[in-house]
Amino acid sequence: MSAASSNPSDSSRSIPIPFGWFRVADSGDLNSGEVITLRACGRELVVWRTDDGEAVCADAFCPHLGAHLGMGGRVVGDSLVCPFHGWSFDTDGKNCDIPYSDRTNGRARLLTHPVVERNGFVLAWIHPQGLAPTFEVPELPEVLDPEFLPYIVSSYIVNTSVQEMGENAVDRCHFPSVHLNAVPPDIIEYDTTSEIARILSRLLLITPYGDFPGEIEIHQYGPGFSATRFRGFVDTLLVATQTPIEASLSELRFYFTVRKTGYGESSEEEARALALIYTGHIDEQAREDIPIWENKAYIESPALSDVDGPILEYRRWAKRFQVVKVK
Ligand code: FES
Ligand SMILES: [Fe+2]
């Protein structure tokens with residue numbers, strides 16, 4: 001049986017979990033010496049921060065006798081100590097201490113995942129075959145720029161795959177139907193030649209200060225992380241993180257920031273008020289999209305119109321990140 005069906009009555013929607021960089025924590029939520037646990041990419045994971053401040057991500061089950069390292073495990077120095085028999089694992093996942101033995105066990109290897117900490121996130125590269133990262137998520141200049149507000153954050157657990165959510169960016173014709181007041185954007189450039197896809201669109205920005213011809217530039221850094229810049233009114237950055245929990249269950253988070261001194265703004269409070277209005281629109285759009293996403297089938301060979309947007313090109317790009325291909 002194929003992994004996904006073109007039969008519209010089959011809503012199994014089993015698009016495989018892709019590999020890529022995925023948010024596993026916000027940097028500010030992980031203090032030195034702390035261990036957190038989460039489920040991502042169909043795996044039970046632990047994330048800890050060493051006493052020196054390094055963030056580490058690993059599979060959660062101890063290779064000795066299987067205890068969950070996030071349930072009572074503790075950080076000592078740069079190591080994670082298992083709650084069951086006290087074995088320690090270093091930042092490479094190697095067993096570095098057995099409290100009742102003079103020797104360590106070379107076979108006791110905790111599977112760690114590459115981590116970068118950037119833009120306020122702990123991002124883990126999770127690949128089902130353990131292959132090394134093939135691209136990077138860059139520093140986003142706005143995040144460290146004091147001219148920009150701190151992130152305004154919202155999050156959703158959505159009963160769909162990250163691929164279905166990502167498709168929204170190129171599905172231009174759903175805007176008038178689902179987001180009732182929105183005019184469909186014109187996609188004027190779409191580049192999928194690398195793992196970092198770029199979408200440039202033009203649209204009319206509807207703001208409390210009037211309507212402005214605007215531009216939206218989206219960079220999708222693989223399936224788990226995107227940066228969207230809205231230009232033409234106030235410079236804004238929307239970071240969206242999409243972390244698969246399971247194949248058809250995902251965490252979607254928005255991190256929104258605006259330039260403090262944008263058009264028509266005289267104070268940080270006004271900029272923040274404007275950012276909250278924008279964030280409200282983004283959240284409203286997510287709430288409008290979610291019932292569609294959660295109930296739709298994945299149609300492998302869709303019947304498209306001439307102006308639906310580059311949906312098939314998006315899907316070809318998305319398949320770069322699948323080890324098990326959708327047939
Ligand atoms: S199960 Fe972890 S030390 Fe024994
Ligand atoms: Fe949408």
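Residues numbered from 1 in each chain as written. Chains lettered and ligands numbered in written order. Predicted model: local features only at pLDDT ≥ 70, side-chain atom pairs only at ≥ 80, totals over all residues. Heavy atoms only, no water.

Student: So, the coordination of the iron ion (ligand 2): which residues are in play, and what are the values?
Tutor: For the iron ion (ligand 2), the full set of protein donor atoms is N168 (OD1), H174 (NE2), H179 (NE2), D289 (OD) and D289 (OD), and the range of their distances to it is 2.1 to 2.4 Å. Sequence spacing of the donors to the iron ion (ligand 2): N-x5-H-x4-H-x109-D. Taken together, the positions of N168 in the loop between α2 (162-167) and α3 (175-178) and H179 in the loop between α3 and β13 (186-191) put the pair 11 residues apart, joining distant regions of the chain. We note that N168, like H179, is buried. (Donors = N, O, S within 2.8 Å, 3.2 Å for Na, K, Ca; no water. Helix = DSSP H or I, 4+ residues; strand = E, 2+ residues; numbered from the N terminus. Buried < 20%, exposed > 50% of the residue type's maximum accessible area, 1.4 Å probe, protein only.)

Student: Go over unusual backbone geometry, please, and point to the residues and values.
Tutor: Leaving glycine out, the prevailing phi sign among residues is negative, and the prevailing peptide bond configuration is trans. The phi angle at C41 is positive, at roughly 55°, despite the residue not being glycine. Here C41 lies in the loop between β2 (35-40) and β3 (43-49). With a phi close to 60°, N119 is a non-glycine residue in the positive phi region. Residue placement: N119 occurs in the loop between β10 (115-118) and β11 (121-126). On the accessibility criterion, N119 (5% relative accessible area) is buried.

Student: If you had to explain the environment of I282 to someone new, which residues and values would you point to?
Tutor: Note on placement: I282 falls in helix α4 (residues 268-295). Every residue in contact with I282, bar those within four places of it in the chain, is listed here: F230, L238, F254 and F256. (Contact = heavy atoms within 4.5 Å.)

Student: Can you explain the confidence of the model for the protein? Please cite residues and give values.
Tutor: Considering every residue of the protein, the mean pLDDT works out to 91; 92% of them sit at 70 or more. pLDDT under 50 marks residues 1-6. Its contacts with residues more than four places away, or in other chains, come to 13 contacts. (pLDDT = per-residue confidence, 0-100.)

Student: Tell me about the pattern of salt bridges, and please be specific about residues and values.
Tutor: Enumeration according to the criterion identifies 21 salt bridges in this entry. A salt bridge links D186 to R172; its shortest N-O distance comes to 3.2 Å. Of this pair, D186 sits in strand β13 while R172 is found in the loop between α2 and α3, placing the two residues 14 residues apart along the sequence. We classify R172 as buried; its relative accessible area is 15%. Connected via shared salt-bridge partners are E189, R198, R202, E215, E217 and R231. (Salt bridge = Lys/Arg side-chain N within 4 Å of Asp/Glu carboxyl O.)

Student: Would you mind going over the layout of surface pockets in detail, with residue names and values included?
Tutor: There is about 310 Å³ of room inside the second largest pocket. Residue lining of the second largest pocket: 17 residues in total, with E167, D171, H174, I292 and K296 positioned closest to the centre. Of all the elements in the fold, those that place two or more residues in the lining of the second largest pocket are α2, α4 and α5 (311-318). When residues in the lining of the second largest pocket are grouped by element, the largest group, three residues, is from α4. (1 Å grid on protein atoms, 1.4 Å probe; cavity = no way out; pocket = protein on both sides within 12 Å on 5 of 7 lines; lining within 4 Å. Points joined across faces, edges and corners; volume = space filled by probe spheres on them.)

Student: Tell me what's going on with the domain arrangement of the protein, and back it up with residues and numbers.
Tutor: Partitioning the protein into structural domains gives domain 1 (26-126) and domain 2 (141-321). The C-alpha-based centres of domain 1 and domain 2 are spaced at 33 Å. Listed by partner, the interface residues are eight residues for domain 1 and 11 residues for domain 2. Both sides of the domain 1 and domain 2 interface together cover about 790 Å² of buried area, and 62% of this is carbon and sulfur. (Domains from an automatic or database assignment. Buried area = accessible area lost by both parts, 1.4 Å probe.)

Student: A description of α5 should follow, citing residues and the corresponding values.
Tutor: The complete set of buried residues in α5 reads I311, Y314, R315, W317 and A318. One side of α5 carries all its buried residues, which in axial view fall inside an arc of 160°. (Arc of directions from axis to C-beta.)

Student: Describe the sheet that holds strand β4 (residues 55-59), naming the residues involved and giving the relevant values.
Tutor: Read from one edge of the open sheet, four strands run β2-β3-β4-β9, paired in antiparallel fashion. Each of the sheet's edge strands pairs with one partner strand only, and the pair in question is β2 and β9 (112-113). (Pairing = 2+ DSSP bridges.)

Student: Kindly report on the pairing of strand β18 (residues 249-258), identifying the contributing residues and their values.
Tutor: A large share of β18 lies buried, amounting to nine of its 10 residues. As paired elements, strand β17 (residues 236-246) and β18 share 10 bridges and run antiparallel to each other. The residue of β18 that forms the bridge with T243 is E251. Joining the antiparallel neighbours β17 and β18 is a turn of two residues.

Student: How would you summarise empty space enclosed by the protein if you had to cite specific residues and measurements?
Tutor: In the structure shown here, the tally under the stated rule is two cavities of 30 Å³ or more. Estimated volume of the largest cavity: approximately 70 Å³. Only α2 and α5 provide two or more residues apiece to the lining of the largest cavity. Counting residues per element, the lining of the largest cavity draws most heavily on α5, at three residues.

Student: Before we move on, can you summarise the pairing of β10 with the specific residues and values?
Tutor: In terms of strand pairing, β10 meets β11 through four bridges, oriented antiparallel. Looking across to β11, one finds that R118 is bridged to F121. The hairpin formed by β10 and β11 contains two residues between the paired strands, and N119 there has a positive phi angle of roughly 60°.

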